[in-house]
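Fold and geometry: a report
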Amino acid sequence: GAGKSVLEALHNRGVTTANLCFVRGSNIGDPIEKNGLPRQDEKEILTVAVSKKDADEIFEFVAETANIDRPGGGIIYMGELRKSVPFVLPDLPTPS
């Protein structure tokens, strides 16, 4: 998927509040396997948290960078973030 390249592109724009995780799932209309379930493929979920003033710009950037508008390109949506807690990695000492 495009998740890693989108994550890197966001980082290059200074957006460090993004997370990429991998899950398994199926698409609507996938053929049913012998076990009665559709084939479970690996999927990517990219979550990005930005300020309200940057939200539309970053939304468009992610949609364009991930090629969402092509068949099988995935889905994208935006929702209001009501609460969050900052998460900052500590500075690690450099090895001697």
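Below is a summary of the structure that appears in this document. (Residues numbered from 1 in each chain as written. Predicted model: local features only at pLDDT ≥ 70, side-chain atom pairs only at ≥ 80, totals over all residues. Heavy atoms only, no water.)

1. Thoughts on the packing of helix 1 (residues 3-12) against helix 2 (residues 52-65)
- At their nearest, the axes of helix 1 and helix 2 sit 10 Å apart, and the two run at 140 degrees to each other. With respect to their mutual orientation, helix 1 and helix 2 come out oblique. Here helix 1 and helix 2 pass one another in a crossing that is right-handed. Residues Val6, Ala9 and Leu10 of helix 1 form the contact with helix 2, whose participating residues are Ile58, Phe61, Val62 and Thr65.
- Each residue belonging to the contact of helix 1 with helix 2 can be placed in one class, and the counts come to six nonpolar, one polar and no charged. (Axes fitted to C-alpha atoms, helices over the stretch in contact; angles between N-to-C directions. Helix = DSSP H or I, 4+ residues; strand = E, 2+ residues; numbered from the N terminus. Parallel < 35°, antiparallel > 145°, perpendicular 65-115°, else oblique. Left-handed = near helix turned anticlockwise from the far one by under 90°. Contact = heavy atoms within 4.5 Å. Nonpolar A, V, L, I, M, F, W, Y, C, P; charged D, E, K, R; others polar.)

2. Describing the environment of Glu42
- One can find Glu42 in strand 2 (residues 41-48).
- Since its relative accessible area comes to 55%, Glu42 is described here as exposed.
- Beyond its immediate chain neighbours, meaning those up to four positions away, Glu42 contacts Phe22, Val23 and Arg24. (Buried < 20%, exposed > 50% of the residue type's maximum accessible area, 1.4 Å probe, protein only.)

3. Describing the layout of surface pockets
- Volume-wise, the largest pocket comes out at about 1400 Å³.
- Lining of the largest pocket is provided by 35 residues; of these, Ile45, Leu46, Ile75, Ile76 and Tyr77 occupy positions nearest its centre.
- Contributing elements (two or more residues each) for the lining of the largest pocket: helix 1, strand 1 (18-25), strand 2 and helix 2.
- No other element matches strand 2, which puts seven residues into the lining of the largest pocket.
- When the residues that make up the lining of the largest pocket are grouped by side-chain class, the tally is 20 nonpolar, nine polar and six charged.
- Within this model, the second largest pocket holds a volume of roughly 310 Å³.
- Around the second largest pocket, the lining comprises 14 residues; the ones closest to its centre are Thr16, Thr17, Ala49, Val85 and Phe87.
- Looking at the lining of the second largest pocket, the elements that each hand over two or more residues are strand 1 and strand 2. (1 Å grid on protein atoms, 1.4 Å probe; cavity = no way out; pocket = protein on both sides within 12 Å on 5 of 7 lines; lining within 4 Å. Points joined across faces, edges and corners; volume = space filled by probe spheres on them.)

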